[in-house]
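So the chains spell out like this:
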Amino acid sequence: MATIQRRIELERERVYLAEVLKEASNTAGRGEKIALLRSFQNKSPETKKVVQKFMECLCHPKVVFELPSGIPPFKDGEYNDFNNSPTTLLKAFDKVKYFCRCPSFVENKVKRERIFIQILEGLYIEDANLFCMIKDKAIDAKVYPTITEKLLREAFPGIVPDDKWEAPEGEA
């Protein structure tokens, strides 16, 4: 199997965020981790959008999931890899609007949780677990031991406000 970096360089090869995070987590050196994460971001318009949505959902202070914390009980689709699952993380990000306070927010708590579980059941297990981490706004150190919010903000600057972000006057 080709390394993740080699797969990123191949135009037609699909690479997924969860596998890049795992590879980056196992890579020695902060600079090498950042280089790998940035090369994934710059692979294609789709990977750039995945990174943008990932950072917005994980780090933006205004994105707050109205769902219980932790991993909900869901049936693992038992897809043998990312390519065989019926949905992708990018498609899952398009449904975040149902879980956060906005015009598309689903008010009914049971319905909102059911939609979230349906999304998880359509994802490959690694993406489903990553989506739960994103919902809880915390990367699991057991899964990605050296991936921190600080590293991600350094790798992908400018996508979300810095830690000192405050709403402009009149907003809140």
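Rules behind the numbers
- Residues numbered from 1 in each chain as written.
- Predicted model: local features only at pLDDT ≥ 70, side-chain atom pairs only at ≥ 80, totals over all residues.
- Heavy atoms only, no water.
- Salt bridge = Lys/Arg side-chain N within 4 Å of Asp/Glu carboxyl O.
- Helix = DSSP H or I, 4+ residues; strand = E, 2+ residues; numbered from the N terminus.
- Buried < 20%, exposed > 50% of the residue type's maximum accessible area, 1.4 Å probe, protein only.
- Phe/Tyr/Trp six-rings, centres within 6.5 Å; stacked < 30°, edge-to-face > 60°.
- 1 Å grid on protein atoms, 1.4 Å probe; cavity = no way out; pocket = protein on both sides within 12 Å on 5 of 7 lines; lining within 4 Å.
- Points joined across faces, edges and corners; volume = space filled by probe spheres on them.
- Nonpolar A, V, L, I, M, F, W, Y, C, P; charged D, E, K, R; others polar.
- Core = buried A, V, L, I, M, F, W, Y, C linked by side-chain atoms within 4.5 Å.
- Contact = heavy atoms within 4.5 Å.
- Expected span 1.5 Å × (residues − 1).
- Polar contact = N/O pair within 3.5 Å; in protein donor to acceptor, adjacent residues only side chain to side chain.
- Axes fitted to C-alpha atoms, helices over the stretch in contact; angles between N-to-C directions.
- Parallel < 35°, antiparallel > 145°, perpendicular 65-115°, else oblique.

**Regarding the pattern of salt bridges**
Considering all chains together, one arrives at 10 salt bridges under this definition. Here arginine 6 makes a salt bridge to glutamate 9, at a shortest N to O gap of 3.8 Å. Taken as a pair, arginine 6 and glutamate 9 lie in helix α1 (residues 4-9) at a separation of three residues, close to a single helical turn. For arginine 6, a relative accessible area of 42% corresponds to the partly exposed category. For arginine 7, the salt bridge is made with glutamate 13, and the minimal N-O distance between the two is 3.0 Å. One continuous salt-bridge network, built from bridges that share partners, spans Arg7, Glu13 and Glu19.

**Details of the packing of aromatic side chains**
This model, assessed by the stated rule, comprises five aromatic pairs. Seen from their ring centres, tyrosine 16 and phenylalanine 82 are 4.6 Å apart, and the 10° between their planes marks the pair as stacked. Pair noted here: tyrosine 16 is in the loop between α1 and α2 (17-25) and phenylalanine 82 is in the loop between α4 (45-59) and α5 (89-93), with a separation of 66 residues, a long-range link. Each member of the pair tyrosine 16 and phenylalanine 82 is classed as buried. Each residue in the set Phe93, Phe99, Phe116 and Phe131 is aromatic and connected to the rest through ring pairs, giving one cluster.

**Considerations on the layout of surface pockets**
Approximately 240 Å³ is the volume found for the largest pocket. In terms of lining residues, the largest pocket is bounded by 17 residues, among which Arg14, Val15, Tyr16, Glu46 and Thr47 are the most central. Counting only elements with at least two residues in the lining of the largest pocket, the list comes to α4 and α5. A per-element tally of the lining of the largest pocket places α4 first, with three residues. Grouping the constituent residues of the lining of the largest pocket by class yields seven nonpolar, three polar and seven charged.

**As for the nonpolar core**
Membership of the largest hydrophobic core comes to 53 residues, with the highest contact counts inside it found for Phe54, Leu130, Phe131 and Leu152. It is α4 that provides the largest number of residues to this core, a total of seven residues. Aside from chain neighbours lying at most four places away, what touches leucine 130 is Leu17, Ala18, Leu21, Phe54, Leu89, Ile139 and Tyr144.

**Some words on helix α6 (residues 109-122)**
Helical geometry note: an α-helix holds 3.6 residues per turn, so side chains three or four residues apart project in the same direction. For α6, spanning 14 residues, the distance from its first C-alpha to its last is 20 Å, which sits close to the expected 20 Å at 1.5 Å a residue. Among the residues making up α6, those that are buried are Arg112, Ile115, Phe116, Ile119, Leu120 and Gly122. Among the structural elements, α5 and α7 (125-135) are those in contact with the buried residues of α6. N-capping of α6 is provided by asparagine 108, with a side-chain oxygen placed 3.0 Å from the backbone N of valine 110.

**A look at the packing of α4 against α7**
Look at α4 against α7: their axes get within 8 Å of each other, and the N-to-C directions meet at 45°. Overall, the two elements α4 and α7 adopt an arrangement that is oblique. On α7, the residues that touch Phe54, Cys57 and Leu58 of α4 are Leu130, Met133 and Ile134. Class assignment for the residues of the contact of α4 with α7 results in six nonpolar, no polar and no charged.

Honestly, that's just the spatial picture; any functional story needs more than this.
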